[in-house]
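Coordinates in review
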Amino acid sequence: MVTIVFPFLSCVGPAGRNDLPAAGVALALAEQRAMTITNVVYDLHFHVPADSRQAVTGSLLAGFDLSDASRPLVLDFRVPSDHVLDVTLNGGAVAHTVAADHIIIPADALEPGPQSLRVEFRSADTALNRRDEFMYALFVPDRASTAFPVFEQPDIKARYRLQLSVPEHWQALSNGAELGREPDPELPATDRIRFAETLPISSYLFAFAAGDLKTETAVRDGRTFTLYHRETDPERLARNRDAIFDLHATALDWLEDYTDIDYPFGKFDFFAIPAFQFGGMEHPGAIWYRAETLFLDPSASRTQELSRASLIAHETAHMWFGDLVTMRWFNDVWMKEVFANFMAAKIAGPAFPELDLDLRFFQAHHPAAYAVDRTAGANPVRQQLGNLRDAGSLYGAIIYQKAPIVMQQLETLLGEDVLRDGLRQYLTQYAFDNASWPDLISLLDAMSTEDLTAWSRTWVDEPGRPRIQAHWQDSGITVSQIDDNTGRDLLWQQPVVLAVGRDGLVTEHVAQLRGRHVTVAMPPGLSDKAPDFILAGADGVGYARFELDDSSRQFLLANVHGLDSGLHRAVVWQNLWEDLLEDSLDPLAFHDALLVGVTREQDPLIAQQVLGLLRSVWWRYLSEEQRQVRARSQEDALWQALARANGAGRKGPYFNAIVDVTSTESGVAELAAIWHMRREIEGLPLQEQQYIDLAEALALRGVPEADAILDMQQARISNPDRLDRFEFVRPALSQDPDRRAEFFLSFAALENRRQESWVLDATRFVHHPLRADTAIPLIRPALMLLEDIQQTGDIFFPLRWLNATLDGHSSAQAAAIVQRYLNERTDMQPQLRAKLLQAADSLLRAAR
């Protein structure tokens with residue numbers, strides 16, 4: 001290893017000293033490389049041993065053109081320096097430095113023109129997700145450089161040629177088609193598999209997986225699809241197989257028609273990964289899915305089926321939005337997610353004609369987006385990013401849930417045809433290239449008379465939501481908006497739909513809100529007296545804190561169940577929840593209304609919304625004494641609703657709620673009887689995962705035979721991946737609080753939190769509301785791990801870690817620990833601090 005000192009472009013230290021590049025990928029470095037490095041091809045070979053304790057090794061041959069050799073060449077590789085085994089440039093040894101996540105070659109060793117850079121290396125396991133029988137790479141957003149040296153930024157697209165040396169009985173897949181496999185001449189009992197060269201893609205989209213995998217293949221409309229999986233239940237596989245293939249084919253056909261561009265990436269495979277940490281990941285030609293979202297149980301509701309269809313449509317839409325055209329920098333990562341979600345809603349909906357799709361859109365987006373925008377940690381849709389190492393903190397509900405609402409507002413403003421035509425032009429113009437949000441807005445602005453730049457400043461560049469009030473005044477309704485952030489005083493341009501109820505009749509009226517306020521005159525016959533209620537945002541599209549006036553709130557609390565429109569009922573429930581959070585509604589009164597909703601609601605989508613709110617109020621806003629008084633009546637209401645529900649798909653959500661909230665002695669005994677298979681639920685056949693859930697729920701409730709139940713459940717589990725997960729989380733179910741604490745504190749070691757979804761399950765058990773008192777001392781250690789988790793975990797792990805830790809708590813003591821930590825850590829990276837504020841918001845409200 002040769003260490004050198006050299007000038008570097010953009011990192012200038014004190015007194016004018018030039019330093020090495022910063023850790024991660026700074027924006028200045030990315031911009032400089034994007035201007036000087038082109039035509040990149042990576043030839044990669046990895047050896048993946050079956051024993052996950054043995055290191056993955058590899059070799060890279062990177063070919064590229066370098067237009068400017070006046071600056072050092074910086075390749076990203078986030079590993080210890082001894083993982084770089086050899087470096088050559090253009091066939092000869094070259095001086096280089098390994099420092100701060102980079103391999104650096106000095107400018108005096110470079111000349112402009114074609115380059116051939118070879119590196120022999122040892123990979124870190126950070127992004128390789130290795131288990132004993134399989135592994136999968138997951139490089140989003142900046143983790144490719146933990147596995148191999150790479151120019152890790154989205155706007156240096158490259159072609160990848162991959163070879164994998166894996167155990168001879170393993171299967172493998174990657175972005176390119178498999179070209180062949182033969183015994184590896186250098187490694188015993190090992191095959192070398194070659195894959196076709198990819199089209200140009202960004203480094204976070206490159207992927208491969210290998211292991212003891214099974215495959216299913218199907219042909220739809222002349223296109224071949226291959227599903228890789230590890231499912232051991234043949235009935236579960238057969239029950240879902242055709243639907244999975246059909247949903248992909250439908251999504252591809254729709255997107256080809258909408259974009260007027262054929263699917264661009266050739267073969268189409270996907271891998272159903274047990275306990276995958278995301279819902280899905282859109283690698284072109286090799287999509288990863290969480291197996292549990294694809295393989296549904298017989299009790300799956302139509303909502304779960306729609307969620308699966310939406311997920312498949314979302315990942316398929318990424319083939320165009322994100323893969324074909326990719327953001328220049330991760331500050332625009334939201335663009336690929338908004339179009340994927342927006343298109344998914346259009347694609348999946350028509351297959352579910354019995355479901356109210358406007359209602360579904362509202363439920364899938366508004367509550368989650370509001371849950372962030374109401375907090376002190378609210379962030380804009382488009383955020384600033386100075387270094388790629390912080391890109392994971394950009395992800396969250398604002399990108400996935402608020403942004404599609406914003407896009408729906410944009411489509412309403414422009415018209416469906418204008419937006420579609422603009423997107424076709426955008427995809428064609430930037431195919432296999434990169435683009436930014438200003439690029440798209442500029443293109444759309446030329447097709448519209450609206451000032452889209454000004455519109456974007458409010459909806460995209462700023463956080464938060466307006467506060468909109470609708471008041472009866474002089475035979476009409478005045479709609480007004482204010483910005484809770486008085487320092488900026490924004491105005492949100494949008495149509496606001498008003499549902500006005502009077503004497504059993506509900507009418508809708510539209511207020512075009514462009515300024516501070518607007519008045520809507522009521523037609524003759526509706527203007528003579530004040531209505532029973534005014535519900536703003538009644539179409540489920542408007543986005544705001546829609547305040548109910550006092551009379552509307554009291555009327556709707558008592559009469560929401562009688563509204564004919566399911567969408568109106570859903571919007572009312574959300575507004576009442578917002579009132580509870582702002583102390584305008586008593587939790588007991590809300591709980592009473594929700595229990596009536598359990599008994600009366602017939603729409604399965606709204607029934608699930610009611611059940612979700614019921615569980616939230618139950619655990620976080622009612623005291624233990626209040627729960628004891630109401631537990632029996634609540635359990636009776638849930639069992640009665642389950643008995644009335646038609647079909648396993650409708651019964652399932654009620655059963656899940658029963659398992660979650662049951663606390664009476666007789667109720668727990670009933671659950672135990674079901675787990676022991678001494679009692680069946682008519683019309684609801686339980687599957688292995690549901691028995692696992694029951695065993696865990698009984699252990700959390702400290703039943704006398706808890707350990708014996710867990711022992712028996714462990715012996716029952718037939719699927720090896722579910723068994724591994726159960727064995728991992730079991731210490732979190734211990735009846736000994738010291739054992740639980742010891743297990744939780746072990747997550748401070750990175751090697752103990754590699755399986756992130758298992759860690760999150762265990763954390764939820766440790767901090768469950770029934771055990772919150774004993775878990776209070778563990779809150780601060782969890783917060784102290786946050787920054788390390790951000791640097792070592794996948795993109796959703798920091799926020800999910802916080803939620804798993806804090807969601808079970810509602811005490812003033814827990815809130816004080818969080819608030820004290822926030823006060824102490826004013827130096828925390830701003831986007832990470834925002835995540836903590838988002839996760840803590842409900843706790844801080846409940847405890848005040």
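Everything in this summary refers to the structure shown in the same document. (Residues numbered from 1 in each chain as written. Predicted model: local features only at pLDDT ≥ 70, side-chain atom pairs only at ≥ 80, totals over all residues. Heavy atoms only, no water.)

1. Points about empty space enclosed by the protein
In total, this model carries 10 cavities of 30 Å³ or more according to the counting rule given. Here the largest cavity defines a volume of roughly 130 Å³. Surrounding the largest cavity, 15 residues form its lining, Asp142, Arg389, Gly392, Gln790 and Gly793 being those nearest its centre. By volume, the second largest cavity is sized at about 60 Å³. What lines the second largest cavity is Phe321, Gly322, Val325, Thr326, Met327, Asp332, Met335, Lys336, Phe339, Tyr426 and Ala435. Its residues assigned to classes, the lining of the second largest cavity comprises 7 nonpolar, 2 polar and 2 charged. (1 Å grid on protein atoms, 1.4 Å probe; cavity = no way out; pocket = protein on both sides within 12 Å on 5 of 7 lines; lining within 4 Å. Points joined across faces, edges and corners; volume = space filled by probe spheres on them. Nonpolar A, V, L, I, M, F, W, Y, C, P; charged D, E, K, R; others polar.)

2. Digging into the pairing of strand 3 (residues 73–76)
For a regular strand, side-chain orientation follows a simple rule: the groups alternate between the two sheet faces. Residues of strand 3 alternate between two faces, with Leu73 and Leu75 on one and Val74 and Asp76 on the opposite face, all of them buried. Pairing of strand 3 with strand 7 (residues 102–105) involves 4 bridges; the strand directions are antiparallel. The partner of Val74 across the bridge, within strand 7, is Ile104. (Buried < 20%, exposed > 50% of the residue type's maximum accessible area, 1.4 Å probe, protein only. Helix = DSSP H or I, 4+ residues; strand = E, 2+ residues; numbered from the N terminus. Pairing = 2+ DSSP bridges.)

3. A short note on the sheet that holds strand 6 (residues 97–99)
The 3 strands lie next to each other as 3-7-6, forming an open sheet whose pairing is antiparallel. Where the open sheet ends on each side, the last strands, each with one partner, are strand 3 and strand 6. When strand polarity is set aside, the average angle formed by the axes of neighbouring strands in this sheet is 25°. Sheet strands in contact with helix 1 (residues 27–36) are strand 3 and strand 7, and its direction is about 115° off that of strand 3. (Axes fitted to C-alpha atoms, helices over the stretch in contact; angles between N-to-C directions. Contact = heavy atoms within 4.5 Å.)

4. A short note on the nonpolar core
Core analysis: the largest hydrophobic core is formed by 175 residues, its most contacted members being Phe148 and Trp288. Formed by 100 residues, the second largest nonpolar core is a distinct cluster that contains Leu580, Trp618, Ala697 and Ile789. (Core = buried A, V, L, I, M, F, W, Y, C linked by side-chain atoms within 4.5 Å.)

5. A look at the packing of helix 2 (residues 234–259) against helix 8 (residues 416–429)
Contact pair helix 2 / helix 8: the axes reach a minimum separation of 9 Å and the direction vectors enclose 90°. Between helix 2 and helix 8, the interaxial angle falls into the category roughly perpendicular. Of the residues in helix 8, those in contact with Asp257, Tyr258 and Thr259 of helix 2 are Leu419, Arg420, Leu423, Arg424 and Leu427. A class-by-class count of the residues in the contact of helix 2 with helix 8 yields 4 nonpolar, 1 polar and 3 charged. (Parallel < 35°, antiparallel > 145°, perpendicular 65-115°, else oblique.)

Function cannot be read off these values alone, since they describe shape.
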